[in-house]
Amino acid sequence: MQIYNTMTRKKEELVPLVPGQISMYACGPTVYNYFHIGNARPFIVFDTMRRYLEYRGYQVKFVQNFTDIDDKMIRRANEEGTTVKALGERFIKEYYHDADALGVQRASVNPRATEHIGEIIALVGTLVEKGHAYVTPEGDVYFAVRSFPGYGKLSGQNIDDLENGARVDPGEAKRDPLDFALWKAEKPGEPSWDSPWGKGRPGWHIECSAMSMSILGQTFDIHAGGQDLIFPHHENEIAQSEAATGKPFARYWMHNGYINVDNQKMSKSLGNFFTVRDIAVEFDLEAVRMFMLSVQYRNPVNFSRELIQQAESSLERLKTARARLEEAQIAPAGTPEDAAFTALLDEIKVRFCDAMDDDLNTADALGALFDFARAANTFVTEPRGKTAVDKAKSLFDELTGVLGLLVNKKAEEFPAEALDLLDQRQAARKAKDFSRADAIRDALKEMGFAVEDTAAGPKLKKLS
RNA sequence: GGCGCCAUAGCCAAGCGGUAAGGCAGAGGUCUGCAAAACCUUCACCCCCAGUUCGAUUCUGGGUGGCGCCUCCA
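For clarity, every value in this text was computed on a predicted model and none was experimentally measured.

Asker: Can you help me understand the protein's contact with RNA strand B in this one?
Answerer: RNA strand B sits among 60 residues. The nearest are W204, G226, L229, M266 and S314. Backbone atoms, meaning sugar and phosphate, make up 68% of the atoms of RNA strand B lying within 4 Å of the protein. Within the side chain of D161, a nitrogen or oxygen atom sits 2.8 Å from a sugar or linking oxygen of RNA strand B. Here a sugar or linking oxygen of RNA strand B and a side-chain polar atom of Y258 are 2.9 Å apart. Among the residues making up the surface near RNA strand B, the classes are represented as 16 nonpolar, 26 polar and 18 charged.

The following block contains the structure:
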């Protein structure tokens, strides 16, 4: 598989450190609020990456953290009149609620910063010992950026150019404007932990280094996140980690593009964001996942309701095709067309995998899936061999499963009242009382159900 | 100022050297009591100008127009 490595700015063959295994770390949410559509992209994209790697037979250790201590957490907790801990607990729960609905599987490990304070302190200690970090009289610890020669290698920034734009907040005792906090001394009313430098709390960047290395090892395969984390977050992670261990940190860096609104980056600071929770009121979140996967992950994509609707419609096509396969009539002796169809299935699978192998080109992979749907729809217009139909069903589930689509296949349930009306309509049709039949159909539509008369009889379908 | 990304039909989006996948929407048709779903047909010379090449949407240079990072941010 080829993936685009931000570090080298090229597509590279993914060769894991340990054959057959992939260790992967994705930066997770700061749990101070519901997450928005922009946050949802990496969750969905890297979940898909993980699913595909597993599909290809890798044993994947996938880590996504929760940042549950930082400035935003503290501020929000104060606003809400609650503790940072309680706030974190609450929004971790809310994260799972939304992530589940988006078809995002649980990570192998979801570490929380506050549960890794020991590792963080040890890492900061190492950096101080090695002369890469210094302690201020106030009890803050800063990383000395100029002590790490490779600084800027991920973002392609020249350290002196960065210097010009850097600023120092009043009260910060930095030796160099580029230096960043590893440990922040306690302030009144803030959560704190004991450390060799006095009470305090970790800086943002160090927690990801500490958690990723303690769970995945000092060198691991893939580090992923949004493009806006390239600088300074990931740059700082590299500096801290490699300065401490003397070993390469992550081997491949994957970064997803932004979600835009009216061509502008969606972000909390711009206030132009939609939370996933908001969208869930209007749409099944599976449509949001479809929307995200309809674009290759590195490209920016505009968000709008219209596009979610488009995604919803196209998802419907996939669902219908799968349902038709399920209802396909079986010809006991098979049919002459079975062999050609089965061969086509093999081609589609290859096309799908080729697309995914090319830097997770989900848009192209979906193209293969839609061709699959058309072929299957045509195929099942007549009774077919069981082997061919079964193969189609399992391959369809396999491929949609890789994308995390159509995974909730629980049978739709309809209210007894609606089913009763459906029977009445059918009776009216038999009696050729079509005006009554149509009236009932309208009534069902009022209730939110469409009627489809299939070869196997009339069916209800939930309208969205 | 430094670093980087993007420009393909009404909308979304693949392709990235041999003359444009797929989806949504639209039009016509088949099927249907009528619909719906499905199927068939139809719907683009790929921002502009040079250059390289037998041949460029695809490579190079220059424009134009969008966007991002350099500050918390997925």
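Asker: I keep staring at the state of the cysteines and nothing clicks. Help me out?
Answerer: Here is the idea: a disulfide is a covalent bond, and it sits between the sulfur atoms of two cysteines. On inspection of all chains with the given rule, the structure shows 0 disulfides. No disulfide involves C27; its sulfur sits 3.9 Å from the nearest other cysteine sulfur, which is in C208.

Asker: I would appreciate a short explanation of the sheet that holds strand β11 (residues 259–261) in the present structure.
Answerer: In any sheet, the strands associate via hydrogen bonds between backbone groups, in a parallel or an antiparallel arrangement. Reading across the sheet, the 3 strands line up as β12-β11-β13 and stay open at both edges, with mixed pairing between neighbours. Both outer strands of the open sheet, β12 (264–265) and β13 (301–302), are each paired with one neighbouring strand and no more. Both β11 and β12 contribute to a ladder of 2 bridges, which runs antiparallel. When the bridges of β12 are listed, N260 appears paired with K265.

Asker: What is the right way to read helix α9 (residues 285–293) from this model?
Answerer: Each α-helix turn comprises 3.6 residues. Residues three or four places apart therefore point the same way. Within α9, 9 of the 9 residues are buried, which leaves it mostly tucked inside the rest of the structure. Among all positions in α9, only L285, E286, A287, V288, R289, M290, F291, M292 and L293 are buried. Its side-chain oxygen at 2.9 Å from the backbone nitrogen of E286, D284 defines the N-terminal cap of α9.

Asker: What exactly am I supposed to notice about the nonpolar core here?
Answerer: For soluble globular proteins, the rule of thumb is that nonpolar side chains tend to be buried together. M49, I222 and F372 are the most contacted members of the largest nonpolar core, which totals 133 residues. If sequence neighbours within four positions are ignored, I222 has contacts with I3, L14, I22, S23, M24, Y25, M49, L53, Y252 and M254. If you look at the next biggest cluster of nonpolar residues, it comprises 9 residues, including A418, I440, V451 and L460.

Asker: Help me out: how do you make sense of the environment of I348 in this one?
Answerer: Assignment of secondary structure puts I348 in helix α11 (residues 338–357). Measuring from C-alpha to C-alpha, the distance between I348 and V45 comes to 22 Å, with 303 residues separating the pair along the chain. Not counting residues within four places of it along the chain, the set of residues in contact with I348 comprises A368, D371, F372 and L399.

Asker: Would you take a moment to explain unusual backbone geometry for this structure?
Answerer: Excluding glycine, residues mostly carry a negative phi; peptide bonds, for their part, are mostly trans. Cis geometry is found at the peptide bond from F231 to P232, where omega equals 0°. One non-glycine residue, N263, lies in the positive phi region at around 70°. Examined against the element boundaries, N263 turns out to sit in the loop between β11 and β12. Overall, N263 belongs to the exposed group, its relative accessible area being 61%. Positive phi is not limited to glycine here, since D359 has a value of about 55°. Here D359 lies in the loop between α11 and α12 (362–379).

Asker: What am I meant to see in the environment of S108 here?
Answerer: Structurally, S108 can be placed in the loop between α3 (84–101) and α4 (117–129). When near neighbours in sequence (up to four residues on either side) are disregarded, S108 contacts R50, V60, K61 and F62.

Asker: I would appreciate a short explanation of the packing of α12 against helix α13 (residues 386–402) in the present structure.
Answerer: Axis angle and axis distance: for two packed helices, these are the angle between their axes and the distance between the axes, and together they describe the pair. Across the interface, α12 lies against α13 with an axial gap of 12 Å and an inter-helix angle of 155°. With respect to α13, the axis of α12 lies roughly antiparallel. Considering the relative orientation of α12 and α13, their crossing is left-handed. Within the contact between the two elements, α12 uses L369, F372, A373 and F379 and α13 uses A388, V389, A392, L395, F396, L399 and T400.

Rules used in this analysis
- Residues numbered from 1 in each chain as written.
- Chains lettered and ligands numbered in written order.
- Predicted model: local features only at pLDDT ≥ 70, side-chain atom pairs only at ≥ 80, totals over all residues.
- Heavy atoms only, no water.
- Near = heavy atom within 4 Å.
- Polar contact = N/O pair within 3.5 Å; in protein donor to acceptor, adjacent residues only side chain to side chain.
- Nonpolar A, V, L, I, M, F, W, Y, C, P; charged D, E, K, R; others polar.
- Disulfide = S-S within 2.5 Å.
- Pairing = 2+ DSSP bridges.
- Helix = DSSP H or I, 4+ residues; strand = E, 2+ residues; numbered from the N terminus.
- Buried < 20%, exposed > 50% of the residue type's maximum accessible area, 1.4 Å probe, protein only.
- Core = buried A, V, L, I, M, F, W, Y, C linked by side-chain atoms within 4.5 Å.
- Contact = heavy atoms within 4.5 Å.
- Axes fitted to C-alpha atoms, helices over the stretch in contact; angles between N-to-C directions.
- Parallel < 35°, antiparallel > 145°, perpendicular 65-115°, else oblique.
- Left-handed = near helix turned anticlockwise from the far one by under 90°.

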